[in-house]
Amino acid sequence: MDIKTVMVIGAGQMGAGIAQVCAQAGYKVYLNDLQEKLVEKGFEQISINLSRQVDKGRMTEDEKLLVFDQLFKSTNLQQAQYVDVVIEAATENMEIKASIFRELDKYAPEHAILATNTSSLPITEIAAFTKRPEKVIGMHFMNPVPVMKLVEIIRGLATEDDVYREIEAMAIKLNKVPVEVNDFPGFVSNRVLMPMINEAVYTLYEGVASKEAIDNVMKLGMNHPMGPLTLADFIGLDTCLYIMETLHEGFGDDKYRPCPLLRKYVKAGWLGKKSGRGFYVYD
């Protein structure tokens, strides 16, 4: 299949980043969300990202305009009828994703591949909400999408080999490094990362050290670019909690039990950088 047109569902930070790299790779891209103002916000984020590249001399103003020529605003899932690949990047919630994939199954053409950017939910279960599970696959990008090279590609139980090869080739065209991962809760990235973040929260909860000390140990002692509590704030504490709950439920192992302090912060609305306060306070 010659992939020419892509729809990205969800115009948040991840979705906008995915739409940007797809447009930069020459694909025609529909960036879709429920409301026009959300799509506009996604376009603003893409403009900010590309303007930084222009300022750094990595892209010309004309090249930036060419990227925007490839981008189209969408608030109607029926426009999926025009695309070859859909990449869903909506909220990390199975009910929401189920609703989206049921709709996509109605509107997307038979040849279209339906990919999900889920960070922890089972691809096989998502695929079961469609009548084409062989065309459903996981395509988990890392944040920030324009910068990070990795894409985890996850087959569902029924995913066809040709679908995997198409998405692998697409990831390479996006200047990413595709890594094949089996369909287990959290895949590789979050199965390893989230328990580390959760343990850092336990370390703070139990009074072992201050948040600054915990982050500095991991930055200076383990050569991590940022500490786990800072990283949790950037990811969103609600997202971290949801992924830990998914791991805990999926494996039934208490080593994945979310720290009570993480639950308390989320209930307080302290979700990290996006809410202005998490483990740290943000202006």
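Residues numbered from 1 in each chain as written. Predicted model: local features only at pLDDT ≥ 70, side-chain atom pairs only at ≥ 80, totals over all residues. Heavy atoms only, no water.

**Remarks on the nonpolar core**
Soluble, globular proteins show a tendency: their nonpolar side chains are buried together. Quick note on the threshold: Buried residues of nine kinds, namely Ala, Val, Leu, Ile, Met, Phe, Trp, Tyr and Cys, make up a nonpolar core once their side-chain atoms join them within 4.5 Å. Buried means the residue's accessible area, taken with a 1.4 Å probe over protein chains only, is under 20% of the maximum for its type, while exposed means over 50%, and partly exposed covers the values in between. Helix and strand assignments follow DSSP, with helices taken as H or I runs no shorter than four residues and strands as E runs no shorter than two, numbered in order from the N terminus. Residue contacts are defined here by distance: any two heavy atoms, one from each residue, within 4.5 Å place the two residues in contact.
One finds Val6, Cys22, Tyr27, Ile87, Met139, Phe141 and Met170 to be the most contacted residues of the largest nonpolar core, which totals 39 residues. Here this core takes 7 residues from helix H1 (residues 13–24), the largest share from any one element. Residues contacting valine 6, with those up to four places away along its chain left out, are Cys22, Tyr27, Lys28, Val29, Tyr30, Val83, Val85, Ile87 and Met170. Membership of the second largest hydrophobic core comes to 23 residues, among which are Ala232, Leu241, Met244 and Tyr265.

**Concerning the packing of helix H7 (residues 189–205) against helix H8 (residues 211–222)**
Just so we agree on the cut-off: Fitted lines through C-alpha atoms give the axes, limited to the stretch in contact for helices. The angle between two N-to-C directions lies from 0 to 180 degrees. Oblique is the label for every angle not falling under 35 degrees (roughly parallel), over 145 degrees (roughly antiparallel), or within 65 to 115 degrees (roughly perpendicular). In a left-handed crossing the near helix is turned counterclockwise from the far helix by less than a right angle, and in a right-handed crossing that turn is clockwise. Charged residues are taken to be Asp, Glu, Lys and Arg, nonpolar residues to be Ala, Val, Leu, Ile, Met, Phe, Trp, Tyr, Cys and Pro, and polar residues to be all remaining types, Gly included.
Put simply, H7 and H8 touch, their axes get as near as 9 Å, and they point 140° apart. Put simply, H7 runs oblique to H8. Crossing angle aside, the handedness with which H7 passes H8 is right-handed. For the pair H7 and H8, the contacting residues are Met196, Ala200, Thr203 and Leu204 in the first and Lys211, Ile214 and Met218 in the second. Of the residues contributing to the contact of H7 with H8, the split by class is 5 nonpolar, 1 polar and 1 charged.

**Section: the pairing of strand E8 (residues 177–181)**
Let me state the cut-off plainly: Between any two strands, at least two bridges found by DSSP are needed for them to pair. Clockwise travel from the first strand over the helix to the second, with the strands pointing away from the viewer, marks a crossover as right-handed.
As defined by bridge partners, strand E7 (residues 150–155) adjoins E8 across 5 bridges and the pair is classed as parallel. Residue pairing for E8: valine 151 is matched across the bridge by proline 178. The handedness of the E7 to E8 crossover, carried by helix H6 (residues 161–173), is right-handed.

**Examining a negative patch on the surface**
The cut-off we apply is this: Patches here are clusters of residues that have more than 30% relative accessible area and form no salt bridge, with a 9 Å joining cutoff for like charges and a 5 Å cutoff for nonpolar side chains (Val, Leu, Ile, Met, Phe, Trp, Tyr). Computed with the Shrake-Rupley method and a 1.4 Å probe, the accessible areas treat only the protein chains shown as cover for residues. Between Lys or Arg on one side and Asp or Glu on the other, a salt bridge is scored when a side-chain nitrogen of the former is within 4 Å of a carboxyl oxygen of the latter. We score Asp and Glu as negative and Lys and Arg as positive, and we do not count His or the chain ends. Positions of charges follow a simple convention, taking NZ of Lys, CZ of Arg, CG of Asp or CD of Glu.
Residues Asp55, Glu61, Asp62 and Glu63 make up a contiguous surface patch of negative charge. Ranked by residues supplied to the negative patch, first place goes to helix H3 (residues 61–69) with 3 residues. Along the chain, glutamate 63 falls in helix H3.

**A look at the packing of H1 against helix H2 (residues 36–55)**
Contact geometry of H1 with H2 gives a least axis separation of 9 Å together with a crossing angle of 60°. With respect to H2, the element H1 is oriented oblique. Seen along the crossing, H1 lies across H2 with a hand that is right-handed. For the pair H1 and H2, the contacting residues are Ala16, Ala19, Gln20 and Gln24 in the first and Gly42, Gln45, Ile46, Asn49 and Leu50 in the second. Here the residues of the contact of H1 with H2 are counted per class, giving 4 nonpolar, 5 polar and no charged.

**With respect to helix H11 (residues 260–267)**
Rules: Note: the arc covers the axis-to-C-beta directions of the helix.
Buried within H11 are the following residues: Leu261, Leu262 and Tyr265. Around the axis of H11, the buried residues are gathered within 100° of arc, so they sit on the same side. Exposed residues lying more than 90 degrees from the buried face of H11 are Lys264 and Lys267. Those residues of H11 hidden inside the fold are in contact with H7 and helix H10 (237–251). At the exit of H11 stands glycine 269, carrying a positive phi of roughly 85°.

**Topic: the sheet that holds E8**
Spatial ordering of the open sheet is given by E3-E2-E1-E4-E5-E6-E7-E8, a layout of 8 strands whose pairing is mixed. One side of each edge strand has no neighbouring strand; the edge strands of this open sheet are strand E3 (71–74) and E8. The average angle at which neighbouring strand axes cross in this sheet is 25°, direction not considered.

**Digging into unusual backbone geometry**
Following asparagine 143, the chain continues into proline 144 via a peptide bond in cis, with omega recorded as 0°. When you line up the elements, proline 144 lands in the loop between strand E6 (136–141) and E7. In this structure, asparagine 223 is a non-glycine residue whose phi angle is positive, near 60°. Tracing the backbone shows asparagine 223 in the loop between H8 and helix H9 (228–235). Classification of asparagine 223 by relative accessible area gives exposed; the value is 69%.

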